[in-house]
Structures are given as structure tokens and as C-alpha cells.
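# Tertiary structure, described
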Amino acid sequence: MFAGCSQSGVNTDNNTDTDSESVFSEDNYKEPVSFPVLMYHTSSEEDPAVENADGRIVDPDLFIKPSEFDRQIKYLIDNNYNFCIFDDWYSLYNIENPVFITFDDGYIENYTEIFPVLQKYQKDGYDVKITIFLVTEPAKKEILTPEIIREMSDSGLVKFESHTVTHANLAEISGDSERLERELRDSKSKIERQTGRTVHAISYPGGGYNQTVTEKAGEFYQFGISTDWGFHRTDISDFKIRRLAVGRNASIEDFARLLRKE
């Protein structure tokens, strides 16, 4: 069974959010749990101008300042949030104030800028875990190397999950069943070989998913993560997990407001 938490886009699917795909929709759970899944991409103290994993220019707002990320982690610790990864999902009913911190793509700055923040708090006695959704064959090469991926995974502070092989919009390629399966299957198997840990989740590149995508993802994964805005609830499908994007220019007051439940 999974361990407990650490202490401290585009939706083209017309199905309803609350459905039987969620493990928490069973009769023995009376009240859904609502919690934030925070979405980041990469980090830079200076204003960036770089390409993302599929070769396109990235919005500078996707680059959180390391100093601000540090302040946000301290805020979460000071306010008694429990840092979770998707291995912890089925323990959520026993956890107070769960929060998921996720990074998409697998930029090298996740190692040079973000990982040191996690290590800093680890030295202070806090286990601040994050999830990185990794593109396994990105067009951009300044990305996490296999050696770095293994180091981060072995630290216990980072769990790697899938962001497909090539950062393809899965909704757009869903008519090509062979390619869709390859994007889902091959990314999972490569990350598992690199880390020695089971991959449970897929983050849909660009937030693109539809019913074909969620059904196919269910053959390989337990969770599908979207860019749909809002707190996630455990009565929503495990393949339509919502997130809250944290912008580069968000003040700590903005961050605190973001964490207030709707």
C-alpha cells in the first residue's frame, strides 16, 4: 500500500467531472477531500527567453524565481501543509492539509535551482517532496540527464512521472491509436528503467485530453493530470486531476490567496 504524505490547458472531454473513475467515489467515503495541486514548469531568477521541451518559446510566467519558490515552500511549512506525491494518493483521507507540487517537462533548472531548495529544507528536517512530469525524448536537449534523474529520484525528494515521449498534445493525436499508445507506454517504461520506481501518473502536455486519451491512459496509469483550473476533489475522476498554476510574479500574498479553498 502507498505511504503517507510528508509532514511539514485544454479539456476536450465532454464527460462530467464527477464520475466512477475516482477511487474515492465508493460508498464508504462520505465526504470528498479538496486540496491544491500546484503547477510549475521551471525556474530562473532572471527573466528567461528559452524554448520548451517541444522547441517552442516558453512564456516567462512559467519560470518561478527560486527565491519566491523558497518563500512559498516556507509558507506551506509554516501553515502545516503536508507534501504529497501520487504514491500517497490513497492515504489522502488520513492526511490534513495535503498539497501536491508538480513541475512539467523536466528542465535542467529543476535540478540547478529547485532541487537545492528541497535539499535545504531536508537539512532543516523537512521532507518537501515534489513531482516532475518528464518528457523522455524532448526536442530541447538542455533537459535533465539520466544521471541527474537518478540522483534526484534516489534522494526521495523527487518523484518522476510521465509527460509523454515527445510532449505531443494527446487530444490532437488521439485518432492515431499506435502513436497515442507509444507516447503513453514508452515514456512510462523509460522513466521506470531510469529510476527503478513505478510510474503512476501522466500529465497531459498542453492540457490536451479527451475520452479516448483518458481511457487509453487508464491502461498504463492510475492518474491523469490536466491543466484544468481549480482545487482537485476526490470525487472527480482520477484522470481529470485539476491544478493551480503559480505565476512568476505572484507575491506571497497572491500565493496565500491561491491556496484558499473555493
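Per chain, residue numbering runs from 1 following the sequence as it is written. A pLDDT threshold of at least 70 governs which residues receive local features in this predicted model, and a stricter bar of 80 or more applies before side-chain atom pairs are shown or counted, although totals over entire chains, interfaces and linings include all residues. Each side-chain value is worked out from all heavy atoms of the structure, with water and hydrogens disregarded.

Okay, the pattern of salt bridges next. Each reported salt bridge corresponds to a side-chain nitrogen of Lys or Arg within 4 Å of a carboxyl oxygen of Asp or Glu. Evaluated as defined, the whole model comprises 16 salt bridges. When the shortest N-O distance is used, the salt bridge between Asp87 and Lys159 registers 2.8 Å. Pair noted here: Asp87 is in the loop between β5 (82-84) and β6 (98-105) and Lys159 is in strand β8 (residues 158-162), with a separation of 72 residues, a long-range link. One salt bridge connects Lys216 with Glu181, and the closest N-O pair in it is separated by 3.0 Å. Of the two residues, Lys216 sits in helix α5 (residues 211-217) while Glu181 sits in helix α4 (residues 177-195), which places them 35 residues apart along the sequence. Via salt bridges that share partners, Glu181, Arg185, Asp186, Lys216 and Glu219 belong to a single interconnected network. By definition, any uninterrupted DSSP run of H or I lasting at least four residues is a helix, any uninterrupted run of E lasting at least two residues is a strand, and each is numbered from the N terminus.

Outside of glycine, negative phi angles account for most residues, and trans bonds account for most peptide bonds. One non-glycine residue, Asn80, lies in the positive phi region at around 65 degrees. With respect to the helices and strands, Asn80 occurs in the loop between α1 (66-78) and β5. Here Asp105, not a glycine, exhibits a phi torsion of approximately 95 degrees, which is positive. Note on placement: Asp105 falls in strand β6. Remark: exposure states derive from per-residue accessible area (1.4 Å probe, protein chains only) relative to the maximum for the residue type, with buried under 20%, exposed over 50%, and partly exposed in between. On the basis of relative accessibility, which here comes to 2%, the residue Asp105 falls in the buried class.

Moving on, we get to the confidence of the model for the chain. In the predicted model, the chain carries a mean pLDDT of 87, and the fraction of residues at 70 or more is 83%. For residues 7-21, every residue scores under 50 in pLDDT, and the model assigns this stretch 48 contacts once sequence neighbours within four places are set aside. Summary of the metric used: pLDDT quantifies the predictor's per-residue confidence within the range 0 to 100. Only heavy atoms enter the contact rule, under which two residues are in contact if any of them lie within 4.5 Å.

Moving on, we come to the side chain of Arg243. Note on placement: Arg243 falls in strand β12 (residues 241-245). Accessibility expressed as a relative area gives 1% for Arg243, which makes it buried. Side-chain polar atoms of Arg243 contact the side chain of Ser203, separated by 3.3 Å. Excluding its chain neighbours within four sequence positions, the residues that come into contact with Arg243 are Val37, Met39, Thr102, Asp104, Phe133, Ser203, Ile225, Ser226, Thr227, Asp228, Trp229 and Gly230. Definition of a polar contact: a pair of N or O atoms within 3.5 Å, with one able to donate and the other able to accept a hydrogen when the atoms are protein atoms, and with sequence-neighbouring residues admitted only if both atoms are side-chain atoms.

With that out of the way, let us pick up the packing of aromatic side chains. Pairing of aromatic rings covers Phe, Tyr and the six-membered ring of Trp, with a centre-to-centre limit of 6.5 Å; geometry is then stacked below 30 degrees between planes, edge-to-face above 60, and tilted otherwise. All chains considered together, the criterion is met by 16 aromatic pairs. With 5.6 Å between their ring centres and 55 degrees between their planes, Trp89 and Phe100 make a pair best called tilted. Taken together, the residues Trp89 in the loop between β5 and β6 and Phe100 in strand β6 connect sequence positions eleven residues apart. Classification of Trp89 by relative accessible area gives buried; the value is 0%.

The next thing to look at is α4. With 19 residues, α4 extends 27 Å between its outermost C-alpha atoms, agreeing within 8% with the 27 Å of an ideal straight helix rising 1.5 Å per residue. By the burial criterion, the buried members of α4 are Leu180, Glu183, Leu184, Ser187, Lys188, Ile191, Gln194 and Thr195. Seen along its axis, α4 keeps its buried residues to an arc of 140 degrees; they face one direction. Along α4, the residues that are exposed and aim more than 90 degrees away from the buried face are Ser177, Glu178 and Arg193. Buried residues in α4 make contact with β7 (130-134), α3 (146-154), β8, β9 (201-203) and α5. Helices are assigned an expected span. That span is 1.5 Å times one less than the residue count. The arc in question is the one spanned by the directions pointing from the helix axis to the C-beta atoms.

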